[in-house]
Structure formats: C-alpha cells, structure tokens
Amino acid sequence: MQGQDGERDRRGARSGGDRSPGAPDGMPAGASAGTAAGSPHGAPAGTAAEVPPGPPPGTPDPEPRRGRPRSAAAERAILDAVIALLEAGEPLAGLSIERIARTAGVGKATIYRRWSDKEELFVDVVRDMEPDDPPVSGTEGLADLRVMLESLRTRGLAQRSSALLHNIFAQMKSHPKLWNEYHGTVIAPRRLAMVEAVRRAVAAGELRDDLDVELIDDLFVGPMLVRTVHRPDAPLPDDLADRIITALLQGLAPAARV
C-alpha cells in the first residue's frame, strides 16, 4: 500500500492503471478527453458513441467509492515518530500533532485521518509497545481464563523490562483524558472478555454457580495485578497463572484431618 502522496485511486487501480493527470475519474492512463468522448472503439470526437446497456432492473447499486486506503507505512512512521520523541525525553503532554507529523514526515491530515486526537494516537502507541493480546477460543472457560492471565503476566514483564513503557504508564495516569481513553478502549474490553470466560466456565460446571461472576473474575485477576502492578519486585514465574488457578480451585482452607 502506498503512502499519502502515492496512493492510487481504487477504481483506477482495479481497471488496470492510474488515471492520466487531468483525466476524468475512471479513465485509464493514456486515454484522452477526445477518445473518452468517442465510441468505445476509438471513434472520433463528435461521433455518436455506442452507449452500453444499463444493468438489468433490480440490480444492486455498485459499491460506493470510498476514501483513500490507509497506508500501513504511514501509520508505522507515525507510531515510530511518537516512540522516538518519547525516547528522546519528550513528555506526553508536550507532544503536538505538528511535531509528530514533522518527525514522521507526513502531513497533519494524515494523522487526523487515522486518529481523532492525541489521546487516541497515544493509546495505539502504548498498544503497539505492549505484547499482543493472545487469541482465545471464545468457547472455553478455564482454558481461556488461563490464556488471559498469562497475558497479564507477560505485559507486567514488558513494563518491568522497558523503562520507556513504564514511564509512559506513569505519565498516562497523571492525564485523566488519556488514561480514560486507555481504560475505555483497552482495559475495559479485556475485563469484559475475562468476565465472559468466567461465565463460560460456570456454565460448563468448571466453577461454582452460586457466586457473582464479577467477584470470581476479581479473584482470578487480583493476584496477578498485585504481582505485576503493586509489587514490582515480586517474581513473575512462568507458571504463575497455573498456580493462581490451582489455588483458587482447591481453596485456601487446610485439608481435613483424618
């Protein structure tokens, strides 16, 4: 996919070439206004052109023409520009769209076509720096819970190993609008996904059905959040998610004495 200045008209690309400069929309490269006005076989201008029959009655309208396709290269340049500026010591609050656009080598309009404001852009920068959310089945209960708990652990490890990511989160929490955007578009969907996994586990008989599902979710997530957020010096072993799940399923009461 090409950048802002090199993106082609989609309809022209589908028809086999870009439009000639100044040619009407949909005219192939090399066609002139004279040949366009003539017949399909190149009849001279002024000769009545053979008009192709229209679509049969009831045929759906063709897909409406959309705006220019997004450029993956432009998006990558914008995200990298923000990261580079942050690595250079620029605070989040001090970054402007103008500065980001200049660093990325794009126009401001290119940024605003993708993000409505800085908060949306910064959230995508953070998501780009974090480990990807792992895929879950959407049908399993405890198995999906384990995958999502492990994802919490790996994100905690990423924050510990990246001074920049840790610094970004510290700054985000001091900017309510930015933190609310991150919470609403990242944290809330993750929490909802875990609550739904708890519901599936309850329905499958893997968890008891006489407790509030949100309380059960908190019991699973709480220990991992304590380790990753509130105790930055606490170990995060590879089997931590399994240990949390096993402890909850077995309970904390001592084994009955024989």
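Everything quoted here is computed from the prediction, not taken from an experiment.

## Looking at the confidence of the model for the protein chain
Considering every residue of the protein chain, the mean pLDDT works out to 79; 72% of them sit at 70 or more. Across residues 59-68, where pLDDT falls below 50, the model places 8 contacts with residues more than four positions away in sequence or in other chains.

## With respect to the pattern of salt bridges
If you walk through the whole model with that rule in mind, you get 19 salt bridges. A salt bridge links Arg191 to Asp217; the shortest N-O distance between them is 2.9 Å. One end of the pair, Arg191, is in helix 9 (residues 176-203); the other, Asp217, is in helix 10 (residues 213-230), with 26 residues separating them in the sequence. On the basis of relative accessible area, Arg191 is assigned to the partly exposed category, the value being 35%. Given the relative accessible area of 1%, Asp217 is considered buried. Between Asp239 and Arg243 there is a salt bridge, with the nearest N and O atoms lying 3.8 Å from each other. For Asp239, a relative accessible area of 36% translates into the label partly exposed.

## Comments concerning helix 3 (residues 72-87)
For helix 3, built from 16 residues, the straight-helix expectation of 22 Å at 1.5 Å per residue is met to within 8% by its first-to-last C-alpha distance of 22 Å. Of the surrounding secondary structure, the elements contacted by the buried residues of helix 3 are helix 4 (97-104), helix 5 (108-112), helix 6 (118-129) and helix 8 (163-172). Following helix 3 by one or two positions, Gly89 adopts a phi angle in the positive range, close to 100°.

## Quick word on the environment of Ile187
Within the fold, Ile187 resides in helix 9. Take Ile187: its relative accessible area is 28%, and that puts it in the partly exposed class. Discounting chain neighbours no more than four positions away, the residues touching Ile187 are Trp179 and Tyr182.

Reading guide: rules and limits
- Residues numbered from 1 in each chain as written.
- Predicted model: local features only at pLDDT ≥ 70, side-chain atom pairs only at ≥ 80, totals over all residues.
- Heavy atoms only, no water.
- pLDDT = per-residue confidence, 0-100.
- Contact = heavy atoms within 4.5 Å.
- Salt bridge = Lys/Arg side-chain N within 4 Å of Asp/Glu carboxyl O.
- Helix = DSSP H or I, 4+ residues; strand = E, 2+ residues; numbered from the N terminus.
- Buried < 20%, exposed > 50% of the residue type's maximum accessible area, 1.4 Å probe, protein only.
- Expected span 1.5 Å × (residues − 1).

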